Amino acid sequence: MAEQLVDLQLDRSLIDSCFNGYKLSLDPLPIYKSTLLEEPDVAKLSEDQHSYQHIRAFGLTNHIIPDPWNTDSVYIVDKTWNVLKIMVTLTSPDQGKSVFEIPQGGDVQQIAGRHNVSLHFPAQDQAVLADGGGKLYIMETGPRTMDNCKAWTVSHVCEPLEDKQKFILLHSTFRSDEENRKIDCLLLHVEPTAEMRKGDNSAPFETLLEWVTFITDACGEWMLSRTRSLVSSRCPEYAAVDTSSNALLICNQKPFRMIYDSVIPVNQPEAEEETATDDSSPQYTWSQTDDEVTVLFTVPIEVSKADIYLSLHPQQIEFGVKNTRVLLQGALQECVDLDSSTWTIDNGRITLSLSKAEEKTWQVVVLGDSHGEMVVSPEQVEAIHSQLAHLTSEEWNPDPSLRENRPYNSQELEECDQYTDDTAILQRIDGDTHTVTHQANISSHQWLFTAQLQTDMLPAFCLRHDVDGILWQPLSKGGNSGNIVKHQATFNAFGYVQASKQQKRFCTAPPNASYAAILDCVRHVYIYRQPEAISSPIRNRKTGQQVKAVAKQQLVALETTKDILGVHATNDRLYVLAGKTFHVIKVN
């Protein structure tokens, strides 16, 4: 099947080109809270899990597990290894009732490098749970209504990956017909590459997606019927199973390719193609400020300070591990201050700090070296405030001159607003042919968040377009027009406002897309509402523009100093977990 290149087609009727910004509202929002009996279970990354892929895959976990079939309850796993069902009434949430105790919880918690528990609900009476230590549970839950807190029963437990490899559950789906029932699960794990196992650290880790399929036999018992594996040099931003068309939808900075199928053999690519894929993986990351360039490397844990060599001149560098590997070599783009430049090593992580002789912006570290990847530093994000501050001003129109033209122009965006990776793609991979049937280039659109809009549809995802956030709903079988996604909603200027939040931890939106929320690491919740018509239109005295709708911005400060561990948005409420305290913010 030939690959079909598709575009992300915007629905212009959902774009507000004359958006006037958010009006700060001081209206209080009701907040209800309860205290859990035990702390939530939070798995920490081990010393061996320090790569960029580990941090992306496991470093930021949403510990509130939603139930798309019942928005009045959510689930949390506490440190005693109980799955708690928290029910929210008209008054306040309860402390949670245990519906399932994960077997051998104490033993799994002691496993080095174990992951957080991941739970997903593929159907109204089915649940799939990964314990973070290598086991997968399929459970019968019964109807998960408000008045049903009966204990779940395990119908199948297995270790779908060999050698007890640890994984997380990304997505699951359920289908039933006259012959049997079927559950598809998408598992993710990060493993050392063959090169690293041989001692070469040029490509230390790779991300694997395991697509496992379970069906019921003649006796109604679950069994593993098919396993498919995909690999990439990066962790995906989004991955889901579309069972209606037997395909995967993946959004990633680097492409995934099928490497194994237990039913249909996979045609492996030529050796030179594989080499090209491996070479494309970045060997280091770097960032810069006005005064300094910081370069980060990963080396084997046994490498010590005595093994490192550095020869640094004003515009020349030789840096690496003795008799093993050259980390950086060649002509620097600009001159550096030798006395202020230094390097450190800690647990296999090397930080090289080059002090700039002049405050110039570097495009690369070493001229002609394409093995590194630049990441945007927090200092660069600050530049966006001065240019687009009017969007969240407390005044109606702090700078009327900006309204003479269109309010947003992509040519006026700052460098920190651009999506830095030039290979980001959205793929639809067929499960039988193992080929990419549809592909869209999203390299210029920053990833924002995912949201479940409908229980019978794949999760939607939000990308930045100019300063707006565009919510895209994936379509089964490529849609009638051949597109794989549909423009579902627009969050005005949300791309800008989220970029301005340096302490941002979570972003989310409810199924009806009536608002979007940004949560800091601690305490603060920012809510951005869709424009709402006002009863009496008013006119701006400076510009003469008539204002018929107002988009409100609200700030909620939680009474806690604990880290925010999870969030879930419904049409009426926003659930926030901070430490042991479960908050319910009445949004509408």
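Student: Got a sec to walk through the overall build of the protein chain? Specific residues and values, please.
Tutor: If you tally the helices and strands in the protein chain, you get seven helices and 40 strands. When burial is assessed residue by residue, the protein chain has 51% of its 588 residues classed as buried. Summarising the internal contacts of the protein chain: among those between residues at least 6 apart in sequence, 59% fall at separations of at least 24. Split by element, the accessible area of the protein chain, about 27200 Å² in all, is 46% carbon and sulfur.

Student: Can you tell me about the sheet that holds strand β24 (residues 336–346), naming the residues and giving the values?
Tutor: Pairing is mixed in the open sheet, where five strands are placed in the order β24-β25-β20-β19-β26. If you trace the sheet from one side to the other, it starts and ends with β24 and β26 (372–374), each paired once. Averaged over neighbouring strand pairs, the angle between their axes works out to 20° when direction is ignored.

Student: Pulling in residues and values, what's your account of the environment of L60?
Tutor: Its location among the elements puts L60 in the loop between α1 (52–58) and β4 (65–66). For L60, a relative accessible area of 44% puts it in the partly exposed group. As a C-alpha pair, L60 and K44 span 16 residues in sequence and 10.0 Å in three-dimensional space. Excluding its chain neighbours within four sequence positions, the residues that come into contact with L60 are I55, R505 and F506.

Student: Give a detailed account of the packing of aromatic side chains, specifying residues and quantitative values.
Tutor: Scanning the model with the defined rule gives 18 aromatic pairs in all. Between F121 and W152, the aromatic rings sit 5.9 Å apart at their centres with planes inclined by 90°, giving edge-to-face as the arrangement. Residue F121 is found in strand β8 (residues 118–123), and its partner W152 is found in the loop between β10 (136–140) and β11 (153–158); the two are separated by 31 residues along the sequence. Judged by relative accessible area, which is 3%, F121 ranks as buried. On the accessibility criterion, W152 (6% relative accessible area) is buried. Considering the side-chain rings of F319 and W343, the 6.1 Å spacing of their centres and the 55° angle between planes classify their relative orientation as tilted. In this pair, F319 is assigned in strand β22 (residues 316–321) and W343 in strand β24, connecting sequence segments 24 residues apart. Look at F319 and you get buried, because its relative accessible area is 0%. Ring pairing ties together the aromatic residues F19, Y22, F449, F491, F494 and Y528, which thus form one cluster. The ring of W211 carries R228 above its face, with NZ or CZ at 3.6 Å from the centroid.

Student: Explain the pairing of strand β40 (residues 581–586) to me, using residue names and the numbers behind them.
Tutor: Within β40, five of the six residues are buried, which leaves the element mostly enclosed by the surrounding structure. With five bridges connecting them, strand β3 (residues 31–35) and β40 associate as antiparallel partners. Residue pairing across strands places K33 opposite H583, the latter belonging to β40. Note: strand β39 (residues 573–578) against β40, six bridges, orientation antiparallel. Bridge pairing links L574 to I585 in β40. Counting the residues in the hairpin turn of β39 and β40 gives two residues, including G579, whose phi is positive at 65°.

Student: Describe in detail unusual backbone geometry, supporting the description with residues and values.
Tutor: Outside of glycine, negative phi angles account for most residues, and trans bonds account for most peptide bonds. Positive phi, normally seen in glycine, also occurs at Q104, with a value near 55°. With respect to the element layout, Q104 can be found in the loop between β7 (97–101) and α2 (105–109).

Student: Can you explain the environment of V266? Please cite residues and give values.
Tutor: Take V266: it is sitting in the loop between β18 (257–261) and α4 (271–279). On the basis of relative accessible area, V266 is assigned to the buried category, the value being 16%. The sequence separation of V266 and H434 amounts to 168 residues, and the corresponding C-alpha distance is 7.1 Å. Once you skip the residues sitting within four places of it in the chain, V266 turns out to touch M258, I259, Y260, D261 and H434.

Student: Report on the sheet that holds strand β9 (residues 126–130), specifying residues and quantitative values.
Tutor: The sheet built from four strands is open, its strands ordered β8-β9-β10-β11 with antiparallel pairing. The sheet terminates laterally at β8 and β11, the two strands that pair on one side only. Taking the axes of each pair of neighbouring strands and ignoring which way they run, one obtains an average angle of 20° across the sheet. Sheet topology note: the β10/β11 ladder contains five bridges and is antiparallel. Note on β11: the bridge partner recorded for Y137 is V157.

Student: Let's hear about the pairing of strand β23 (residues 325–331): which residues, and what values?
Tutor: Inspection of the sheet shows β22 paired to β23 by six bridges, in the antiparallel sense. By the bridge assignment, V321 is partnered in β23 with R325. Counted along the chain from β22 to the antiparallel partner β23, the turn is three residues long, and its residue N323 has a positive phi close to 60°.

Student: Describe the pattern of salt bridges, and please don't skip the residues or the numbers.
Tutor: Tallied over the full model, the rule gives 12 salt bridges. Across the pair D184 and K182 runs a salt bridge, and its minimum N-O distance is 3.9 Å. Here R234 and E373 are joined by a salt bridge, their closest N and O atoms 2.9 Å apart. Of this pair, R234 sits in the loop between β15 (222–232) and β16 (238–242) while E373 sits in strand β26, and the two are 139 residues apart along the sequence. Grouping residues by exposure puts R234 and E373 together as buried.

Student: I'd like a description of the confidence of the model for the protein chain, backed by residues and values.
Tutor: Mean pLDDT over the protein chain: 84, with 85% of residues reaching 70 or higher. Segment residues 378–391: pLDDT under 50, and 34 contacts once partners within four positions in sequence are set aside and those in other chains are kept. Below pLDDT 50 for its whole length, residues 393–412 participates in 33 contacts with residues either more than four positions away or in separate chains.

Student: Please give an account of the environment of L188 that cites residues and values.
Tutor: Here L188 shows up in strand β13 (residues 181–192). Measuring from C-alpha to C-alpha, the distance between L188 and L209 comes to 4.8 Å, with 21 residues separating the pair along the chain. Ignoring sequence-local partners within four residues, the contact set of L188 consists of A57, F58, K166, F167, I168, L170, T207, L208, L209, C235 and P236.

Student: So what about the side chain of R529? Which residues, and what values?
Tutor: Tracing the chain through its elements places R529 in strand β35 (residues 524–529). E532 provides the closest opposite charge to the buried, unpaired R529, separated from it by 4.9 Å. Within the local environment of R529, its side chain forms a polar contact with the backbone oxygen of V587, the two atoms lying 2.6 Å apart. Leaving out residues up to four positions away in the same chain, R529 has contacts with Y22, L29, S514, Y515, A551, K552, Q554, V587 and N588.

Reading the values: the criteria
- Residues numbered from 1 in each chain as written.
- Predicted model: local features only at pLDDT ≥ 70, side-chain atom pairs only at ≥ 80, totals over all residues.
- Heavy atoms only, no water.
- Helix = DSSP H or I, 4+ residues; strand = E, 2+ residues; numbered from the N terminus.
- Buried < 20%, exposed > 50% of the residue type's maximum accessible area, 1.4 Å probe, protein only.
- Contact = heavy atoms within 4.5 Å.
- Areas by Shrake-Rupley, 256 points an atom, 1.4 Å probe, with all protein chains shown as cover.
- Pairing = 2+ DSSP bridges.
- Axes fitted to C-alpha atoms, helices over the stretch in contact; angles between N-to-C directions.
- Phe/Tyr/Trp six-rings, centres within 6.5 Å; stacked < 30°, edge-to-face > 60°.
- Lys NZ or Arg CZ within 6 Å of the ring centre and 35° of its normal.
- Salt bridge = Lys/Arg side-chain N within 4 Å of Asp/Glu carboxyl O.
- pLDDT = per-residue confidence, 0-100.
- Lys, Arg positive; Asp, Glu negative; His and termini not counted.
- Polar contact = N/O pair within 3.5 Å; in protein donor to acceptor, adjacent residues only side chain to side chain.

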